[in-house]
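Here is how the chains run, residue by residue.
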Amino acid sequence: DAFHIEEGGIAGLLRGVAAGETLCDQRFQVRRADGSLRHVLIDANGSWRERKLTHCRFYVRDITPRVDLEREVLTIAEREQERIGHELHDDLCQQLTAIEFMSESVAGRIAGRDPRVACELREISGLLRSANRQTREIARGLSLHAVLHRGGLAAALKDFAHQIRKVYHCRCRFTNRTDVVIVDPLL
């Protein structure tokens, strides 16, 4: 099968072989004659005689099915992660909030009769509030990939720094000087 590698890629392979390197698992995208894009791994080395390169050997393995499967697995994992994040946020957090309010309500009703029990109920409310906050942070972390896809790596890192500040009450700031574009996280 005929295929074409981007010009800089093949030049890098040839430079490596010419320098006497044995190259293993060099990943490239190649375009076949029919226009389809394939993912390949290339191994290359050279044969030398009297300090002159006499032969080059290239071994090309098509890993497109593996890359497609990796992409599919990643997509499924991201969807499942987001689903779990939504369930934590929409279900568990609501239940924790309801229990916290019930605890506060009972504490208010019992405060005059038994202040010690009312105090314990307010402590329980505080623990529930903390658990709710932590659950929301976990849910947010599970949905972080959505931020990554919406706003890119810089937005995701800025959001992550914000979460670090909130959760750990410390200074954390993200700054970037150049935009980083991730076209395909598997490449």
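Structure report, in brief. Small disclaimer: the values here were computed from a predicted structure and weren't measured.

1. Here we look at the overall build of the chain
Piece 1. Regarding its fold elements, the chain presents four helices and four strands.
Piece 2. Each helix and strand of the chain, placed in order from N terminus to C terminus, yields the pattern β-α-β-β-β-α-α-α.
Piece 3. Counted over contacts in the chain with a minimum sequence separation of 6, partners at least 24 positions apart contribute 47%.

2. Quick word on a nonpolar patch on the surface
Piece 1. On the surface, Ile 10, Leu 14, Phe 58 and Val 60 cluster together into a nonpolar patch covering about 290 Å² of accessible area.
Piece 2. Put simply, the parts of the chain that give the nonpolar patch at least two residues each are helix 1 (7–18) and strand 4 (52–62).
Piece 3. Here Ile 10 is to be found in helix 1.
Piece 4. Of the residues examined, Ile 10 reaches a relative accessible area of 32% and is grouped as partly exposed.

3. Some points on the side chain of Thr 135
Piece 1. For Thr 135, the position within the fold is in helix 3 (residues 115–142).
Piece 2. With residues near it in sequence (within four places) discarded, Thr 135 still touches Leu 88, Leu 92, Cys 93 and Leu 96.

4. A few points about helix 2 (residues 64–110)
Piece 1. Helix length check: helix 2, at 47 residues, gives a terminal C-alpha distance of 67 Å against a target of 69 Å (1.5 Å per residue), a fit within 8%.
Piece 2. The sharpest bend along helix 2 comes to roughly 30°, located at Leu 88.
Piece 3. Every buried residue of helix 2 is listed here: Thr 64, Val 67, Glu 78, Gly 85, Leu 88, Cys 93, Leu 96, Thr 97, Glu 100, Ser 103, Ala 107 and Ile 110.

5. Some words on the nonpolar core
Piece 1. In this structure, Ile 5, Leu 13, Val 17, Leu 23, Phe 28, Val 30, Val 40, Ile 42 and Ala 44 together form the largest nonpolar core, which totals nine residues.
Piece 2. Breaking this core down by element, the ones donating at least two residues are helix 1, strand 2 (23–32) and strand 3 (37–49).
Piece 3. Sequence-distant contacts of Ile 42, that is, excluding residues within four places in its chain, are made with Ile 5, Leu 13, Leu 23, Cys 24, Asp 25, Gln 26, Phe 28, Phe 58, Tyr 59 and Val 60.

6. Focus: the environment of Arg 133
Piece 1. With respect to the helices and strands, Arg 133 occurs in helix 3.
Piece 2. Separated by 37 residues in the primary sequence, Arg 133 and Leu 96 have C-alpha atoms spaced 9.7 Å apart.

7. Quick look at the pattern of salt bridges
Piece 1. All told, the structure shown has 12 salt bridges when counted by the stated rule.
Piece 2. Across the salt bridge formed by Arg 83 and Glu 87, the nearest N and O atoms sit 2.4 Å from each other. Of the two residues, Arg 83 and Glu 87 both sit in helix 2, four residues apart, roughly one turn of that helix.
Piece 3. Of the charged contacts, one joins Arg 116 and Glu 120 as a salt bridge, the two residues approaching to 3.2 Å between their closest N and O atoms. Highlighted residues: Arg 116 and Glu 120, both in helix 3, separated by four residues, approximately one helical turn.
Piece 4. One salt-bridge network, in which partners are shared between bridges, spans Glu 100, Glu 104, Arg 122 and Arg 129.

8. Some points on the environment of Val 60
Piece 1. Residue placement: Val 60 occurs in strand 4.
Piece 2. Residues Val 60 and His 39, spaced 21 residues apart in sequence, show a C-alpha to C-alpha distance of 10.0 Å.

9. Quick look at unusual backbone geometry
Piece 1. Unlike most non-glycine residues, Asp 25 shows phi in positive territory, near 55°.
Piece 2. When you line up the elements, Asp 25 lands in strand 2.
Piece 3. For Asp 25, a relative accessible area of 44% gives the class partly exposed.
Piece 4. Phi at Glu 50 takes a positive value of approximately 55°, unusual for a residue other than glycine.
Piece 5. Position of Glu 50 among the secondary structure elements: in the loop between strand 3 and strand 4.

Reading the values: rules and limits
Residues numbered from 1 in each chain as written. Predicted model: local features only at pLDDT ≥ 70, side-chain atom pairs only at ≥ 80, totals over all residues. Heavy atoms only, no water. Helix = DSSP H or I, 4+ residues; strand = E, 2+ residues; numbered from the N terminus. Contact = heavy atoms within 4.5 Å. Patch = residues over 30% accessible without salt bridge, like charges linked within 9 Å, V, L, I, M, F, W, Y side chains within 5 Å. Areas by Shrake-Rupley, 256 points an atom, 1.4 Å probe, with all protein chains shown as cover. Salt bridge = Lys/Arg side-chain N within 4 Å of Asp/Glu carboxyl O. Buried < 20%, exposed > 50% of the residue type's maximum accessible area, 1.4 Å probe, protein only. Expected span 1.5 Å × (residues − 1). Bend = angle between axes of the 7 residues up to and from the residue. Core = buried A, V, L, I, M, F, W, Y, C linked by side-chain atoms within 4.5 Å.

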